[in-house]
Amino acid sequence: MSSLNKNTFLRSLMFYLPTLVLFLSVLNEIDLNYLEIEYFSFNFVYILIFYWTLKSPRYLSYGAIFIAGLINDVVIGIPMGVSSFCYLLICVVTAYLRNITLSPNFINDWITLLFTLLLVNSIRLL
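Notes on the structure follow. This is a predicted model, so every value here is computed, not measured.

This paragraph deals with the overall build of the protein. Within the protein, the secondary structure is distributed over 6 helices and 0 strands. Counting from the amino terminus, helix and strand elements in the protein follow one another as α-α-α-α-α-α. Burial statistics for the protein: of 126 residues in total, 32% are counted as buried. Pairs at least 24 residues apart make up 61% of the contacts formed inside the protein by residues separated by at least 6 positions. When the accessible area of the protein is evaluated, it comes to approximately 8400 Å², of which 70% is carbon and sulfur surface.

Next comes the structure, spelled out in structure tokens:
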């Protein structure tokens, strides 16, 4: 374990790993719509942003999330700023949740995630 703390390459890789995964998932547009399962959709980017901004916000910056949203808009072909707004709305909800909770609760986090996904998807459909 002490060798991991001494190796700066591994530490920097672990620090930038969430950002790298975010940009790769935005560029590839990873979701389960391609499986053609009826009435089921899964957006990996929303869950990634929700988790990393809730648990460890220092690993995923708001600027990187905003730029990933702009890249997502270009890849999908929707008006510029819609995905960035939705991603930053997820960040606002998680920052609020992180500040009001004293002890993390798994059920409350999932309920907040479902509410946030409902809100973001309804904004995106407008």
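Below, the discussion takes up the packing of aromatic side chains. Here the structure, examined in full by the defined rule, presents 6 aromatic pairs. Here Phe15 and Tyr59 contribute two aromatic rings whose centre-to-centre distance is 5.5 Å and whose plane-to-plane angle is 65°, an arrangement assigned as edge-to-face. Here Tyr59 lies in the loop between helix H3 (44-55) and helix H4 (62-76) and Phe15 lies in helix H2 (residues 8-28), a separation of 44 residues in the sequence. Site record: aromatic cluster; members linked through ring pairs are Phe15, Tyr16, Tyr51, Trp52 and Tyr59.

Contact geometry for H3 and helix H5 (residues 82-100): axes closest at 9 Å, N-to-C directions at 35°. Considering how the two elements wind past one another, H3 and H5 form a crossing that is right-handed. Seen from H3, the contacting residues are Val45, Tyr46, Ile49, Phe50, Thr53 and Leu54; seen from H5, they are Tyr87, Ile90, Cys91, Thr94, Leu97 and Arg98. In the contact of H3 with H5, the residues fall into 9 nonpolar, 2 polar and 1 charged.

Another point: H4. Over its 15 residues, H4 runs 21 Å from end to end, which matches the ideal 21 Å to within 8%, given 1.5 Å per residue. Buried within H4 are the following residues: Ala64, Ile65, Ala68, Gly69, Asn72 and Asp73. Looking at the packing, one finds that the buried side of H4 touches H2, H3, H5 and helix H6 (106-125). Looking one or two places after H4, you find Gly77, whose phi comes out positive at around 95°.

What follows covers the nonpolar core. Generally speaking, nonpolar side chains in soluble globular proteins are found buried as a group. With 20 residues, the main nonpolar core has Leu22, Ile49, Ile65 and Tyr87 as its most contacted residues. At the level of elements, H2, H3, H4, H5 and H6 are the ones that each hand at least two residues to this core. Excluding anything up to four places from it in sequence, Ile65 contacts Leu22, Ile49, Thr53, Leu60, Tyr87, Leu88 and Cys91.

Evaluated as defined, the whole model comprises 1 salt bridge. One salt bridge connects Lys55 with Asp109, and the closest N-O pair in it is separated by 3.3 Å. On the criterion of sequence distance, the pair formed by Lys55 in helix H3 and Asp109 in helix H6 is long-range, its members being 54 residues apart. Of the residues examined, Lys55 reaches a relative accessible area of 39% and is grouped as partly exposed.

Criteria and cut-off values
- Residues numbered from 1 in each chain as written.
- Predicted model: local features only at pLDDT ≥ 70, side-chain atom pairs only at ≥ 80, totals over all residues.
- Heavy atoms only, no water.
- Helix = DSSP H or I, 4+ residues; strand = E, 2+ residues; numbered from the N terminus.
- Buried < 20%, exposed > 50% of the residue type's maximum accessible area, 1.4 Å probe, protein only.
- Contact = heavy atoms within 4.5 Å.
- Areas by Shrake-Rupley, 256 points an atom, 1.4 Å probe, with all protein chains shown as cover.
- Phe/Tyr/Trp six-rings, centres within 6.5 Å; stacked < 30°, edge-to-face > 60°.
- Axes fitted to C-alpha atoms, helices over the stretch in contact; angles between N-to-C directions.
- Left-handed = near helix turned anticlockwise from the far one by under 90°.
- Nonpolar A, V, L, I, M, F, W, Y, C, P; charged D, E, K, R; others polar.
- Expected span 1.5 Å × (residues − 1).
- Core = buried A, V, L, I, M, F, W, Y, C linked by side-chain atoms within 4.5 Å.
- Salt bridge = Lys/Arg side-chain N within 4 Å of Asp/Glu carboxyl O.

Honestly, that's just the spatial picture; any functional story needs more than this.
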